[in-house]
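Commentary on secondary and tertiary structure
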Amino acid sequence: MTPSTSRQHTSGARTERRDGVVVVGGGYAGLHAVRAAEQRGVDVTLIDRSGNHDFVTRLAAVAGGAAPVGDARQPLERFADAVEIGSLAAVEDGAVVLADGRRIEADAVVITAGAEPSRPPIDGLEHAATLRTSDDALALRTAIAGAPSVVIVGGGATGVQLAGAIADARPDVRVNLVEIDEGLLPGLPAGLGEGAARILTDRGVELLLGRSADRITPDGIEIDGVFLEGLVVWAGGFTARAERLGVHTDDGRIVVDADLRVAGMERTFAAGDIAAHVDRRGGELPMSAQIAVRAGTAAGRNAARVVRGEPTTAVPLGQMGWVFDLSGRRGLAQLGPFELSHPFTDLIPPLLHDAIDLKNLLEIGGVGALRYAPEPVRALFRLLPPLGTDSPSFAAS
């Protein structure tokens, strides 16, 4: 697809036209939006700041040394036909403005740029490593390999999975996990947090619960007046910062209508971590891979409907469960009323995690995409029949 001749927009930005749908962001929501629009015969251009698709659900294992570096990412060109590099600076109705000054206009737009690590006012937080992107994971992998001890701040999904991966792959590294709440995985069923504590404690991870960080230095962290030496990793959650994009936001996330159109706009949609998704009762949904996949697919379909002159449809969303892989063939899951967090049942979640990744790869790239999948996913595909693309997805985190 060849861009049309550029023209000047009244804002002074250089405007370029793309036919069909422009999707911004090559994560789970973005690639599912691309696939959904293409399946309806609409041209799609994918814009991403790195040109890579990060396998976010595998980054903790890569960073901790429990998975090979190839599990961290793959070039987006392996999953989408038209890929351009660019960082989002502003959102308009039917157009986006990029940081390099270009204004890209299309028949419809889907915004799926993700969240970033939260930055609370902790003295010295800039000295802590973070884990959100594949670049983060690869840098952490190198740093952890040369560190005698690691202090992870945040006992949510990222912190728990990273601690599990390090303790499994590098038992010579001392791991401390700090959580301000009295239990791990706060906000989720208590059984999951208890299961995580059992698995991590069995691996020698020291849990510092009900504790908070006072100060971080290049050499370690001070917690309630006690200084711990080691590599500090900030895993205290993620936040969206969409206010700078010129759209209506709620706690940093883009407010969307029932059909995932950006509030006040007709041709621009938003999906994934950057969007303030709500359930049927109006409750805010978490930032999860499950929501990103389903919302991205729905936004791509509705964007294609706009291009084709068809009415859009409302998108019902809800969190259906959680799946966490703590490496070492142990994990945690909550599927509806069922929890898999006890000895022996904790063997099942890693298999579910692989199955979810398999399903997502089949959805975004078909069987051919499996050549780029982590080996456990390829092995599962060889054992099982392909999963249907309309079956429900759980959140592998």
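Residues numbered from 1 in each chain as written. Predicted model: local features only at pLDDT ≥ 70, side-chain atom pairs only at ≥ 80, totals over all residues. Heavy atoms only, no water.

**Focus on the overall build of the protein**
For the protein, the count of helices and strands is 8 helices and 28 strands. Scaling as 2.2 N^0.38, a compact globule of 397 residues should have a C-alpha radius of gyration of about 21 Å, and the protein matches this with 21 Å. Across the 397 residues that make up the protein, the buried fraction comes to 53%. Of the roughly 16,600 Å² of accessible surface on the protein, 51% is carried by carbon and sulfur atoms. (Helix = DSSP H or I, 4+ residues; strand = E, 2+ residues; numbered from the N terminus. Rg over C-alpha atoms; globule rule 2.2 N^0.38 Å. Buried < 20%, exposed > 50% of the residue type's maximum accessible area, 1.4 Å probe, protein only. Areas by Shrake-Rupley, 256 points an atom, 1.4 Å probe, with all protein chains shown as cover.)

**Details of helix 4 (residues 157-169)**
With 13 residues, helix 4 should reach 18 Å at 1.5 Å per residue; the first-to-last C-alpha distance of 18 Å fits that figure. Burial of helix 4 is extensive: 10 of the 13 residues sit out of reach of the surface. Here helix 4 has its buried residues at Thr158, Gly159, Val160, Gln161, Leu162, Ala163, Gly164, Ala165, Ile166 and Ala167. (Expected span 1.5 Å × (residues − 1).)

**Section: the packing of aromatic side chains**
Evaluated as defined, the whole model comprises 2 aromatic pairs. Ring centres of Phe79 and Tyr372 lie 6.1 Å apart, and the angle between their planes is 80°; this geometry places the pair in the edge-to-face category. Separated by 293 residues along the polypeptide, Phe79 in the loop between strand 6 (73-75) and strand 7 (83-85) and Tyr372 in the loop between helix 7 (348-365) and helix 8 (375-383) bring together distant segments of the chain. Tyr372 matches Phe79 in its accessibility class, with the two residues each being buried. Between Trp322 and Phe324 the ring centres are 6.1 Å apart and the planes differ by 10°, which places this aromatic pair in the stacked class. The exposure class of Trp322 is buried, given its relative accessible area of 12%. Given a relative accessible area of 1%, Phe324 falls into the buried group. Taking NZ or CZ as reference, Arg132 lies 4.4 Å from the ring centre of Phe238, over its face. (Phe/Tyr/Trp six-rings, centres within 6.5 Å; stacked < 30°, edge-to-face > 60°. Lys NZ or Arg CZ within 6 Å of the ring centre and 35° of its normal.)

**Quick look at helix 3 (residues 134-145)**
If you check helix 3, its first and last C-alpha atoms are 17 Å apart, about what 12 residues at 1.5 Å a residue would give, namely 16 Å. Taken as a whole, helix 3 has its buried residues at Ser134, Ala137, Leu140, Arg141 and Ile144. Angularly, the buried residues of helix 3 cover 120° about the axis, an arc narrow enough to put them on a single face. (Arc of directions from axis to C-beta.)

**Description of the confidence of the model for the protein**
Predicted coordinates in regions of low pLDDT should not be interpreted in detail. Averaged over every residue, the pLDDT of the protein is 91; residues scoring 70 or more account for 93%. This model gives residues 1-10 a pLDDT under 50, and the stretch forms 21 contacts once residues within four places in sequence are excluded. Counted against residues more than four places away or in other chains, residues 386-395, with its pLDDT under 50, gives 31 contacts. (pLDDT = per-residue confidence, 0-100. Contact = heavy atoms within 4.5 Å.)

**Section: the packing of helix 1 (residues 28-38) against helix 7**
Viewed as axis vectors pointing N to C, helix 1 and helix 7 meet at an angle of 40°, and their least axial separation amounts to 8 Å. Taken together, the axes of helix 1 and helix 7 lie oblique to each other. Contact with helix 1, carried on its side by Tyr28, Leu31, His32 and Arg35, involves Asn360, Glu363, Ile364 and Gly365 of helix 7 and no other residues of that element. In the contact of helix 1 with helix 7, the residues fall into 3 nonpolar, 3 polar and 2 charged. (Axes fitted to C-alpha atoms, helices over the stretch in contact; angles between N-to-C directions. Parallel < 35°, antiparallel > 145°, perpendicular 65-115°, else oblique. Nonpolar A, V, L, I, M, F, W, Y, C, P; charged D, E, K, R; others polar.)

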